[in-house]
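Below, each chain spelled out in residue letters.
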Amino acid sequence: MLILLNGGRSFDNVDTPASALKQQGIFVVGIGTRNSDSKELQKISYEPSYALKVSDFTDLPGVQEQLSSVMSKALVKVAPVTPTETVVRKQGGKDVVFLLDGSDGTRTGFPAVRDFVQRVVETLSVDDNTDRVSVVQYSRDPAVQFYLNTYTTKGDILDAVRVLRHKGGSPLKTGAALQYLRDNVFTASAGSRLPEQVPQLLISISGGRSFDSVDAPASALKQLGVLTFAIGTRSADIRELQKIAYDPSYALTVNEFTDLPNVQQQLQSSVEAVIVEVQPEAPTAPVDTAKKDIVFLLDGSNGTRNGFPAMRDFVERVVEKLNVGQDKDRVSLVQYGRDSEVHFYLNTFTTKQDILDAVRGLRHRGGTPLNTGAALQYVRDNVFTSSSGSRRLQGVPQMLILLNGGRSFDNVDTPASALKQQGIFVVGIGTRNSDSIELQKISYEPSYALKVSDFTDLPGVQEQLSSVMSKALVKVAPVTPTETVVRKQGGKDVVFLLDGSDGTRTGFPAVRDFVQRVVETLSVDDNTDRVSVVQYSRDPAVQFYLNTYTTKGDILDAVRVLRHKGGSPLKTGAALQYLRDNVFTASAGSRLPEQVPQLLISISGGRSFDSVDAPASALKQLGVLTFAIGTRSADIRELQKIASDPSYALTVNEFTDLPNVQQQLQSSVEAVIVEVQPEAPTAPVDTAKKDIVFLLDGSDGTRNGFPAMRDFVEREVEKLNVGQDKDRVSVVQYGRDSEVHFYLNTFTTKQDILDAVRGLRHRGGHTPNTGAALQYVRDNVFTSSSGSRRLQGVPQMLILLNGGRSFDNVDTPASSLKQQGIFVVGIGTRNSDSIELQKISYEPSYALKVSDFTDLPGVQEQLSSVMSKALVKVAPVTPTETVVRKQGGKDVVFLLDGSDGTRTGFPAVRDFVQRVVETLSVDDNTDRVSVVQYSRDPAVQFYLNTYTTKGDILDAVRVLRHKGGSPLKTGAALQYLRDNVFTASAGSRLPEQVPQLLISISGGRSFDSVDAPASALKQLGVLTFAIGTRSADIRELQKIAYDPSYALTVNEFTDLPNVQQQLQSSVEAVIVEVQPEAPTAPVDTAKKDIVFLLDGSNGTRNGFPAMRDFVERVVEKLMWDKTKTASLWSNTAETQRSISI
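Residues numbered from 1 in each chain as written. Predicted model: local features only at pLDDT ≥ 70, side-chain atom pairs only at ≥ 80, totals over all residues. Heavy atoms only, no water.

Regarding its fold elements, the protein presents 34 helices and 36 strands. Across the 1141 residues in the protein, those meeting the buried criterion constitute 55%. For the protein, restricting intrachain contacts to residue pairs at least 6 apart in sequence, the fraction spanning at least 24 positions comes to 76%. When the accessible surface of the protein is totalled, it reaches about 48,400 Å², and 48% of it is carbon and sulfur. (Helix = DSSP H or I, 4+ residues; strand = E, 2+ residues; numbered from the N terminus. Buried < 20%, exposed > 50% of the residue type's maximum accessible area, 1.4 Å probe, protein only. Contact = heavy atoms within 4.5 Å. Areas by Shrake-Rupley, 256 points an atom, 1.4 Å probe, with all protein chains shown as cover.)

We now examine the pattern of salt bridges. Taken as a whole, this structure holds 61 salt bridges when the rule is applied. Salt-bridge contacts for Asp 15 lead to Lys 43; the nearest nitrogen and oxygen are separated by 3.3 Å. Of this pair, Asp 15 sits in helix 1 (residues 15–23) while Lys 43 sits in helix 2 (residues 38–44), and the two are 28 residues apart along the sequence. The salt bridge partner of Arg 591 is Asp 493, with a shortest N-O separation of 2.7 Å. A residue pair is termed long-range when its members are at least 10 positions apart, and Arg 591 in the loop between helix 18 (572–582) and strand 19 (598–604) and Asp 493 in strand 16 (residues 492–499) qualify at 98 residues. Taken individually, Arg 591 and Asp 493 each receive the classification buried, so the pair is uniform in this respect. (Salt bridge = Lys/Arg side-chain N within 4 Å of Asp/Glu carboxyl O.)

Looking now at unusual backbone geometry. Put simply, Ser 170 and Pro 171 share a cis peptide bond, and its omega is 0°. Relative to the assigned elements, Pro 171 resides in the loop between helix 5 (154–162) and helix 6 (174–184). Phi is positive for Gln 197, close to 65°, though the residue is something other than glycine. Summarising the element assignment, Gln 197 is placed in the loop between helix 6 and strand 7 (200–206). For Gln 197, a relative accessible area of 27% gives the class partly exposed. Although it is not a glycine, Gln 595 adopts a positive phi angle of roughly 65°. Relative to the assigned elements, Gln 595 resides in the loop between helix 18 and strand 19. Judged by relative accessible area, Gln 595 falls into the partly exposed class, the value being 29%.

Strand order in the open sheet formed by six strands is 18-17-16-19-20-21, with mixed pairing between adjacent strands. Both outer strands of the open sheet, strand 18 (540–544) and strand 21 (649–651), are each paired with one neighbouring strand and no more. Each adjacent strand pair in this sheet contributes to an overall mean axis angle of 20°, direction not counted. Bridging between strand 17 (residues 529–536) and strand 18 involves four bridges; their strand directions are antiparallel. Bridged to Val 533 within strand 18 is Phe 544. Docked against the sheet, helix 16 (residues 508–520) engages strand 16, strand 17, strand 19 and strand 20 (624–630), running at close to 175° with respect to strand 16. (Pairing = 2+ DSSP bridges. Axes fitted to C-alpha atoms, helices over the stretch in contact; angles between N-to-C directions.)

Moving on: the nonpolar core. Ranked by size, the top nonpolar core spans 58 residues in total, and within it Phe 98, Leu 100, Leu 202 and Ile 231 carry the most contacts. For this core, the element with the most residues is helix 4 (residues 110–122), which contributes seven residues. Not counting chain neighbours up to four residues away, the residues in contact with Leu 202 comprise Val 97, Leu 99, Leu 178, Leu 181, Phe 186, Leu 221, Val 226, Leu 227, Thr 228 and Phe 229. (Core = buried A, V, L, I, M, F, W, Y, C linked by side-chain atoms within 4.5 Å.)

Next comes the structure, spelled out in structure tokens:
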């Protein structure tokens, strides 16, 4: 194990050494501060999730528990590594070419470049013809200093390098220089031994960005098998360096050329690590033995023209690794843009050579717009089929590899979901122009969405792809053929709602054609399907009802003569409401009472001038399955609200593009038609009993969304198996404070609960205090008296529906719910704080988001999945007893901000102190209290040993006068407390191990630093809670607090009562942890070797004491073999210090 404590971004590249540590099986945990680079920490760590962050080193105690958890995983995860031996082919050696930037901008740094080349050459074996060297210098054009076959001794090469003169010239054309090397230096006539399979290395050193493109020549060198390392200064473009390099991790950066020695060892290690991989004598391409069907889907739109050669090369390399054959691997290739074209099917070719020949002959199609959704649907319907060679029904794994260069113009949700349902394993690879979220939706799992800067960087993900594919062979289980039985006799009622406003006049003929094409696919003549068309703008107009026509011919005739309505503004909300009240009715021909599926296809060309929320929700409640199609002028969020599920919102550029989504629409309808209004209930009934509490945000901001929240709860309750000894349900609503509508033991039947839910009314309330609400349900609902069966081991679940950021702190109550084993799922809208929801939820991935509460049906399935995991995951909780050391009590010090800015709020502060004191046990000397007020300097109002009765303390608090003064110096006040109040002479019982509590209340930011004194108090064992108003600095409060979660915030001092319960619970939760009589540090029994790597650079000077203390605390938990030695390294020191234990 390696534990890295880091305080800033590295000046050199960490990729290669981090990778080397992982390859050696070393388990790395990177811990950084706010100045650290998160991505860098994730690269360094064994897994990205093991990169931990703190605001400052003084907050390291806050990650101690996280670190312990990660380390315990390591003991299971890190398998013993069998020593491996790398055999370098000595006889072959290597050909090394240096490409040096000799442009005008590198004149002063050139001597350092020359020295670097000399040092690298010194490490080579030239004299026995093992290694060969060439040097090329360039600016506007390249100049060969000497070729690979010019010199045959190391001495001659070093002499030539020493006398190198700077070339000069501008602009810098790196692309042309790379092409020159490929054509003139990496050739047999210039001494290259490439035909003999001797590794070819290029070390490029540049001091700026190229004026020409490096993409094509860099790709050409990679195809030639040249292993390129690109080194640049801070003036170079890191993306360009990564394109040039054989692999992005081989792009190294330095501040100036004089810093080149810093990367020499890294360069050398990388060369040694990969030299046996380049151009091996025997093929090393891994051959997959498990047979599979692989389809490549290539983006051939206009935007990928330049990158297409690299895409083609990538496909070649992947195919090279396959075991192609009729009963082995099969391959198909499809290219797409506006529409899709199959180049060859899975059963077209049966030999690898035929496939490679076909791939090499591929030509870029071009076309706009890019319709990825339609392409996914196309491969599902036309390529992954038995007639096209797919062996899906025989259980052979099906894989789709998508290479994409931009965001899709149509919706990918439904076709991506359909592919997953068919068991097709999709890997989406995109460039910087691709939409990451879209790629994650398309891919089988979000983590299988891979990104490169440019298609020329595709070789960099080859290994990642291989890893993902190997997982697929295990993961993608054979699919048993399934048969979907559609209830033919019932058919469906289809209503078209067409935007006939002024803005759609030119596009209306295309809309009319689209309706005709859809009607053509329906079964009308036998009364299976019925159709209605409604056109609207300011108001709706029915063209014909569901029972107007009974033959397909009559319907098509009516559609052909439709005239554009015209009018403005567009009121989609009113139109939807009209449909609900006048079209989806028995009198208008709807067969809803007979449980015939009701479909609405809405087509709009702009944003509605009225709200669609309530009418869209009403249609969903009625059971209408809505598909919303809009042009680029429509609002995608509005479309998603209208649609039954956000994935049923489809978009096109113009109405003339409607044919592109017809297949997608049809597939979606077929997929869900059997789910709508089934004859028998299909709601899954959970058999494992559980206690579920719904916590609903009833603050002012959720008034419009409350009906949708209520409907959501109804639908969830419908799925439960309610009963005294089965599932129990409670509902709580909150705003400023909380109100229980019914407890877990109030109702014992599902009907009673549903009746109560339907009768819920929105409470209102200005400030949503989610933290207080969480604490409330913990203390008042998840209790035995309220019907909770937690102590009997019944799973406890809390489902939070939240519409905005909390006005109080959620950290402590969220943590206490988790400690009690309560499984929390937080569901929020776009107004919610995502990080806050993740803190509240049992695991961050269980925090779900919707655009609006009307979209809650879209997460119903996700919630069911999460809840089913909970039944497995949430282990029964054995009742625990917390033993508080009554005899010791606690010493409580209040530090009050008495500066000029808190004058008006001071009475509220004084009242708060009184209320807290009321809860203490002072009269029997269990608890002691002190109050200190401060501004520029501190003033003790009374010490811990001044008063011995609660009455005296309360009297003293009531007469407190505001101190006044400025500026506010919190750091000095904290130091004062440490030196003068938390002392035996001032009444502190710290030597007797009585817990020491500090409650700091401030109304602004400190003018001095709090870092050192806050750290000193933590080291003393003082448990600090920091409470601040909106004028305070939350980061500063977190530094002051013993743990960041003990920093509480209120809007004004008058809101202090809102955090009193939270404060009290936190104190009770941790009081037994502070200064325990017996050591409670967990001792790891599994033996391990741990190295601490501490950042000792100039920037961490102030934080170093805290780092040192952190190491101490970790070491305290370890079990030591007295004969062993611990090793401590500082990364600024050249020597190792050994400490005998």
